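# Report on the structure
Spelled out, the chains give:
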Amino acid sequence: MQTYDLSTGSLRELNATLHAQNETTNQTAWEIMNPRGAHAIACGLDSPIEVTVRGSTGYYSAGMNQQATVNIKGSAGPGVAENMMSGKVVIDGDASQYAGATGHGGLLVIKGNASSRCGISMKGINIVVHGSIGHMSAFMAQSGNLVVCGDAGEALGDSCYEARLFVRGTVKSLGADCEEKEMRPEHLEILRTLLAEGECNARPEEFKRYGSARTLYNFNIDNAY
Amino acid sequence: MCGIVGLFLKDKSMEAQLGAMLTDMLITMTDRGPDSAGIAIYSQDTVNIGKMTVQSDTPDVDFDKLTDDLKKRIKGDVDIRVQSTHAVLELRADQVVVAREALKEIRPNIRIMSTGDSLEIYKEVGLPKDVASRFDIAKMSGSHGIGHTRMATESAVTTMGAHPFNTGSDQCLVHNGSLSNHNSLRRKLRRDGVHIETENDTEVGAAYLTWKMQNGSTLGEALESSLEDLDGFFTFVVGTKDGFGVVRDPIACKPAVMAETDQYVAFGSEYRALVNLPGIQNARVWEPEPATVYFWKH
């Protein structure tokens, strides 16, 4: 285990050190002490390493992640795991706005709540939230799965494309062109896998599925102002 | 972008450290707002004594013999405490209005930062660390306070454009965001006789709250109606004589983090601002909900 203390070392040096790890590195486990809400911690990683952050992070932690596993043993600020390509990010606490935004792949697990715009414009990422999510989540979501064990805020899935949205609790309101969908066996299977990967005990049968009504796919003059 | 910090103490034994804690929080928020900084601090309430915090770009000239000149005009006692470009005048509470009018004539270059029984507002252009040290904020004590670091978007970088804004006796407002209907609202408020000095959007927000309260709203009601009448992005933190409140617009894209322990309630634009507070590891930390008014009172 390699340990890096941000109270004595610089953030830039930490990220440069993590970026220098390649696929054959034997330094596969990293522990980051005293994050103290700093921005961009463990951002832009691209090697199969496991990084554990002991505390809460600020903006854009674990952004653009590829291959790496990042565990945040606290809460995360805005834009955590933004544009993740692959790998896994697990947050023990809450996540602030636009968690997992624009993500193309990988798994983001939030064990607390996520605030507004969770999974906005997601493009293939899977997101599992143990708690609830805020308003405008999955806005323009294109593909991937968003699993919410608690409740969803206003305007869920507004203008979404083909992402699957699973919510166990209540949905305050659905956004434009988002509707409840039939839960078929293949969806229950996807949910079962994601819940297991996301370390969540909820049962797939308790969820409802939401997705695009596909009425915005083609130009409709009645939608113009 | 701007930075906001706020601290409301429940534990009286911490009051002597209020200024030091707020200074640390304010400086941490420098990269959210390096243009100017300000702080509103609520200190010991004085019986029947009113406080006016005033500012001058030429303090040597304007503060010289100010108490003598003002005493003659209001026919009452005036004490003065000069802190760099600011001075706190203490006088009989019922003479504050007369003194404000008198100052316009005897010292036309003086600007009023705040009036109230316990509120003092200090703000200037410059880096937060320089503003804080110029006023020696770290040595100030009090029951609660609010600080702001400004990155200007809507109007010029000037002392009067810095936050906090005094919205009424012992009331203040700081803002992160930008209001988009401030021009039309300013015209409306001016037609109703509300004095608005600058082209700054936040000053309009502050004047709006003052106007609402002058027309019978409580602060809570004024904040509720701001959600209807103000268009744009805002996270507001407001201070009153015995409390402080937080409200965010319904879109809530301007960040906000709160922490509460048995000893205090704290606000920061980012968690970074809160990390040096005592007991933060075990505090309840959360993000205030959009379009929801939060308020704490002594």
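Residues numbered from 1 in each chain as written. Chains lettered and ligands numbered in written order. Predicted model: local features only at pLDDT ≥ 70, side-chain atom pairs only at ≥ 80, totals over all residues.

Of the regular secondary structure elements, chain B holds eight helices and 16 strands. Relative to its full complement of 298 residues, chain B shows a buried share of 49%. Taking all contacts inside chain B whose residues are at least 6 apart in sequence as the whole, residues at least 24 apart take part in 72%. (Helix = DSSP H or I, 4+ residues; strand = E, 2+ residues; numbered from the N terminus. Buried ≥ 20, exposed ≤ 12 C-beta atoms within 10 Å, placed from the backbone. Contact = placed C-beta atoms within 7 Å.)

Time to look at the packing of helix α7 (residues 201-214) of chain B against helix α8 (residues 219-229) of chain B. Residue and element names in this part refer to chain B. Between α7 and α8, the least distance of the axes is 9 Å, while the angle of their chain directions is 125°. Judged by the angle between their axes, α7 and α8 are oblique. For the crossing formed where α7 meets α8, the hand is right-handed. Residue-level inspection shows Tyr208, Leu209, Lys212 and Met213 of α7 in contact with α8, the latter providing Leu219, Ala222, Ser225, Ser226 and Asp229. (Axes fitted to C-alpha atoms, helices over the stretch in contact; angles between N-to-C directions. Parallel < 35°, antiparallel > 145°, perpendicular 65-115°, else oblique. Left-handed = near helix turned anticlockwise from the far one by under 90°.)

Before going further, it helps to examine the sheet that holds strand β2 (residues 36-42) of chain B. All names here are of chain B. Sheet architecture is open: seven strands sit in the order β7-β2-β8-β1-β14-β13-β15, paired in antiparallel fashion. Both outer strands of the open sheet, β7 (119-125) and β15 (284-286), are each paired with one neighbouring strand and no more. Each neighbouring strand pair of the sheet contributes to a mean axis angle of 10°, computed without reference to strand direction. Where strand β13 (residues 257-260) meets β15, three bridges bridge the pair, whose relative direction is antiparallel. Paired with Glu260 across the bridge in β15 is Arg284. (Pairing = 2+ DSSP bridges.)

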